[in-house]
Structure formats: structure tokens, C-alpha cells
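# Breakdown of the fold
Residue-level listing of the chains:
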Amino acid sequence: MYNLIRKILFCFDPERSHKIALNFLKFKTHFRKNFISSGKDLCKPVKCMGLDFKNVLGLAAGLDKNGVYIDILSMLGFGFIEIGTVTPQPQYGNDIPRLFRVTPANAFINRMGFNNHGIEKVVSNLKKTVFKGVIGVNIGKNKNTPIKKGILDYIYCMKKIYHLSSYIVINISSPNTNKLRELQYGKLFEEILLGIKHTQEKLRILHKKYVPIAIKIAPDLSKQELIHITSNLIKYDIDAVIATNTTTDFSLITGLKNSSEIGGLSGRPLQYKSTNIIKKLSKELKNKISIIGVGGIDSLISAREKINAGAHLLQIYSSLIYKGPKIVKKIIKYL
Ligand SMILES: Cc1cc2nc3c(=O)[nH]c(=O)nc-3n(C[C@H](O)[C@H](O)[C@H](O)COP(=O)(O)O)c2cc1C
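The model shown is predicted, which means the values in this text are computed figures rather than measured ones.

Viewed as axis vectors pointing N to C, helix 10 (residues 300-309) and helix 12 (residues 326-334) meet at an angle of 55°, and their least axial separation amounts to 9 Å. Our classification of the angle between helix 10 and helix 12 gives oblique. The element helix 10 and its partner helix 12 pack so that their crossing is right-handed. Contacts from Leu 300, Ala 303 and Arg 304 of helix 10 reach helix 12 at Lys 330, Ile 331 and Tyr 334.

Here it is as C-alpha cells:
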């Protein structure tokens, strides 16, 4: 069934087809019944970051940037949903076209550039959400905010969504916002962690609620850079690390259609690279900090590889589009 739907969806440009698919899920209850798995199979509770997850597999950031589809996406069986990336002010993102399929590799290249409706709108969407499970909110900085003032955007968003989030993700690894990845290195990284931790503590007291913080990192980091990251994650008592965002290494898709587009690569070609990062993180972090593994998970085997590498939770995005919603059940049921 999904093969047919995919054929139709792939006739449209990718960005439009993602929107059509989401609206299709939202409005066509008949199809919903076919897609939605029985809750029992998918209930394999895990505890992580002090939170109770229905199961280990979540939806990665980027599909529901504004938190409009949380209720319907949760019905696909995900153990948690991450929305965003959301920035303080609404922004259009990069010019369209900005999302490309690399179909033979089950991959996407995107240069969306944090297109979103802004944090105020996301706050009002979250208030309307019925879903009672774990919701992560992934936050970023606006394009026009200078990189050295980026911390102010993260703090602004944290203050707005703290009480409505189960956990908050600090996205410093998108390749599509100029210089954003510089926040992963040296003094800038430490300043971010310090500012975030300080804000978390103030908000914890204000709201009488502890909301864990996760840092989302790139797959394109050297061993030395990773060691600097892990030692500071421990030093600043960060709750989790999400590994990884998309890659700028296109060597595995050379010669394929769209491989010369600029952006970040997701899907199968990212699988090995992100698993390798998780292995290295796990070795350095020694279970002191949770690892959320994401990048190219498209089967039970690739999900197991991430868990064996040291991931405590998993997320998917690209394979949901290439393989359809049933991938969620397939992975969770046998994991
Ligand atoms: C179209 C698209 C948009 C994305 N937008 C975001 C985003 O806004 N914030 C973010 O942290 N990651 C974003 N990502 C990255 C995903 O969350 C994920 O880290 C990456 O795609 C690897 O997972 P996958 O191989 O399962 O797709 C996006 C990915 C895609 C394909």
C-alpha cells in the first residue's frame, strides 16, 4: 500500500509531498486506521533523562517544525516526538527548492535553513496538543543573529517553552545556518553550555520542574573535537547528546542525481557515520550522559547497530518517508 502512496507522493517536489503526507495523515481517518499500529505492540517503556518513554523510537526534528502534527504523528507509534527547529522570530528559511531526494540512496539533501513560525506560535500550538507523551522541543538561532550572540536566542526560546517541553534540544549542528556549527567548538561551545545550564537552573526553580537538556551535534567532527565536546558535556552536567544531524560529506552519493546540491545529507548514507560517532561518544561518556542515536536508521538491523554502539534512544526521519509509517512498528516490535 505504501509503495503506491510513495509513487504518488514522489511525483511532487519533496517539500510539498512531505506537507501533503502530513495533511493526508491528519484528515483521512480511513487511512489512519491502516497505518496506525495497535498500541500494545509499541509499548515497551524505557526511562531516560529521568523521563518515561513509551518506547525507544522517536521522531527526529525537522518534520514537524511548528508542532502542528504532534497528535497525529504520535499515533504512528513513536515513543516520543521532537518538534522544531524553532527560532525566536518566525523566518522563511532558504529559497525553494531546498529539499532534494537522492532516491537510489534512500537519502535527502536539505538546506531548509530553519524555516519556522517562531517560538510564540509553537507555544500556542503546544498548548493545544492533546498528546500526553514525551515531547522534545528543538531550538535554534535566527539567521540574522550574529553567532556570538546566538546564546541569547537559545535562552529566549528556553524561557518561552520550558514549562511546555519534556526535554529541550540545543541545535548547534545544522549545516544550513551560516556559522552555526562553530558553536560546537572551543570557547563558544563552553559559553553555550554555561548559559544554557544557568538558564535551566533558574527555570527549574521558577516552574518547580526539571526539564532535561540535549545537545544535537554534527557527524562531521574529528576525534579531538568529540573529546572536547564530551568532556564539556560532563563538566556542565548536560542530560543528553543527540547524534547526529545531517552530514556535509557527500562522498557516498557521488554521481547520483542531486548529489551536487548544497545542504545536509540524511538517510542511509549517514548510517555508518552517525553510528561511528555514537560509538566514540559512548566510549568517552561511559553512560554518564544519555545518547539519542539518529542517522540512517531504516531497519531493525540498523536500529540494533545504534543501540549496540551505545544509544539509549533512537530517532528517525528519512526512512519514515522512504519506507512509510509501518517502519515504526517494524523496528519497535522486534527490537
Ligand atoms: C528535510 C529535513 C529537515 C530537517 N530539519 C531539521 C531541523 O530543523 N532541526 C534538526 O535538528 N534536524 C533537522 N533535520 C535532521 C534530522 O532531525 C536528523 O538528524 C537527520 O535527518 C538524520 O536522520 P535520518 O537519517 O533518519 O533522516 C532535518 C532533516 C531533514 C531530512
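In space, the 3 strands of this open sheet follow the order 5-6-11, with antiparallel pairing throughout. The sheet is open, and its two edges are formed by strand 5 (99-102) and strand 11 (264-267), each paired on a single side. Shown here is a sheet whose adjacent strand axes are inclined to one another by a mean of 25°, direction ignored. When strand 6 (residues 107-110) meets strand 11, the two strands line up antiparallel, connected through 4 bridges.

This next bit is on the UniProt feature "active site" (unreviewed entry) in the protein. Residues given the UniProt feature "active site" (unreviewed entry) here are Ser 174. Assignment of secondary structure puts Ser 174 in the loop between strand 8 (167-171) and helix 7 (186-207). On the basis of relative accessible area, Ser 174 is assigned to the buried category, the value being 6%. Those residues within four positions of Ser 174 in sequence are excluded, and the remaining contacts are Phe 114, Leu 180, Arg 181 and Asn 245.

Neighbouring residues of the ligand: 23 residues in total, closest Ala 61, Lys 65, Thr 85, Gly 296 and Ser 318. The contact in question runs from an oxygen atom of the ligand to an N or O atom on the side chain of Lys 216, over 2.9 Å. Ser 318 is positioned such that a nitrogen or oxygen atom in its side chain is 2.6 Å from an oxygen atom of the ligand. Isolated, the ligand exposes 610 Å² of accessible area, and the fraction of that covered by the protein chains is 97%. Among the elements of the structure, strand 4 (80-86) and strand 11 are those that each provide at least two residues to the shell around the ligand. By residue class, the composition of the shell around the ligand is 7 nonpolar, 14 polar and 2 charged.

Backbone phi values are negative for most residues with the exception of glycine, while trans is the configuration of most peptide bonds. In this chain, Ile 96 is followed by Pro 97 through a cis amide linkage whose omega measures 5°. As for its placement among the helices and strands, Pro 97 is situated in the loop between strand 4 and strand 5. Positive phi outside glycine occurs at Lys 208, with the angle close to 55°. Position of Lys 208 among the secondary structure elements: in the loop between helix 7 and strand 9 (213-217). Given a relative accessible area of 76%, Lys 208 falls into the exposed group.

For the rest of this paragraph, the subject is empty space enclosed by the protein. It is the rolling of a water-molecule-sized probe over the atoms that shows where space remains empty. Counting across every chain of the model gives 1 cavity of 30 Å³ or more. Along the wall of the largest cavity there are 15 residues; nearest its centre are Tyr 2, Ala 21, Leu 25, Leu 320 and Pro 325. Those elements that place two or more of their residues in the lining of the largest cavity are helix 1 (2-9), helix 2 (14-27) and helix 11 (318-323). By residue number, the principal contributor to the lining of the largest cavity is helix 2, which donates 6 residues. Among the residues forming the lining of the largest cavity, the class breakdown is 13 nonpolar, 2 polar and no charged.

Under the UniProt annotation, "domain: Dihydroorotate dehydrogenase catalytic" (unreviewed entry) lies at residues 46-334. Between the C-alpha atoms that bound residues 46-334 there is a distance of 15 Å. The span itself is 35% helix and 20% strand.

On to the packing of aromatic side chains, then. Enumeration over the complete set of coordinates arrives at 4 aromatic pairs. Aromatic pair Phe 53 and Phe 80: ring centres 5.0 Å apart, planes at 85°, arrangement edge-to-face. Here the residue Phe 53 occupies a position in strand 2 (residues 51-53), and Phe 80 occupies one in strand 4, the gap between them amounting to 27 residues. Members of the aromatic cluster, each reached through a chain of ring pairs, are Phe 10, Phe 108 and Tyr 322. Arg 98 extends its terminal NZ or CZ atom over the ring of Tyr 92, reaching a point 5.2 Å from the ring centre. Seen from the ring of Phe 10, Arg 101 lies directly overhead, with NZ or CZ sitting 4.1 Å from the centre.

Below, the discussion takes up the side chain of Arg 181. You can see Arg 181 is positioned in the loop between strand 8 and helix 7. In terms of polar contacts, Arg 181 uses its side chain to reach the backbone carbonyl oxygen of Ser 173, at 2.8 Å.

Criteria and thresholds
- Residue numbers run consecutively from 1 along every chain, following the written order of its sequence.
- Predicted model: local features are reported for residues with pLDDT of at least 70 only, side-chain atom pairs are reported and counted for 80 or more only, and whole-chain, interface and lining totals are derived from all residues.
- In computing side-chain values, all of the structure's heavy atoms are included and hydrogens and water are not.
- Axis geometry follows a simple rule: fit a line to the C-alpha atoms, using only the stretch in contact for helices, then measure angles between N-to-C directions, giving values from 0 to 180 degrees.
- Runs of H or I in DSSP of at least four residues are treated as helices and runs of E of at least two as strands, each being numbered from the N terminus.
- By the definition adopted for this analysis, an angle is roughly parallel if under 35 degrees, roughly antiparallel if over 145, roughly perpendicular if from 65 to 115, and oblique otherwise.
- Left-handed describes a crossing in which the near helix is turned anticlockwise from the far one by less than a right angle; the clockwise case is right-handed.
- Working rule for contacts: check all heavy atoms of both residues, and any pair within 4.5 Å makes them a contact.
- Paired strands are those between which DSSP finds at least two bridges.
- UniProt positions are given in the numbering used here, feature names are shortened, and annotations may be inferred rather than shown by experiment.
- Relative accessibility thresholds used throughout: buried, under 20% of the residue-type maximum; exposed, over 50%; partly exposed, between the two (1.4 Å probe, protein chains only).
- Definition of nearness: a residue and a molecule or strand are near each other if at least one heavy atom of the residue lies within 4 Å of the molecule or strand.
- Here a polar contact is taken to be a pair of N or O atoms separated by no more than 3.5 Å, where protein atoms must pair a possible hydrogen donor with a possible acceptor and residues adjacent in sequence count only if both atoms sit in side chains.
- Here, Shrake-Rupley sampling with a 1.4 Å probe gives the accessible areas, and only protein chains in the shown set may cover a residue.
- Residue polarity is assigned by list, with Asp, Glu, Lys and Arg as charged and Ala, Val, Leu, Ile, Met, Phe, Trp, Tyr, Cys and Pro as nonpolar; anything else, Gly included, falls into the polar class.
- Here the term cavity refers to a set of points on a 1 Å grid, laid over the protein atoms alone, in which a 1.4 Å probe fits but cannot get out; the term pocket refers to an open set having protein on both sides within 12 Å along at least five of seven lines, with lining residues being those that place an atom within 4 Å of a point.
- Grid points are joined across faces, edges and corners, and a volume is the space filled by probe spheres set on the points.
- Centres within 6.5 Å make a pair out of two Phe, Tyr or Trp rings, where for Trp the six-membered ring is used; the pair is then stacked when the planes are under 30 degrees apart, edge-to-face when over 60, and tilted otherwise.
- Whether a charge sits over a ring comes down to the Lys NZ or Arg CZ being within 6 Å of the ring centre and within 35 degrees of the ring normal.

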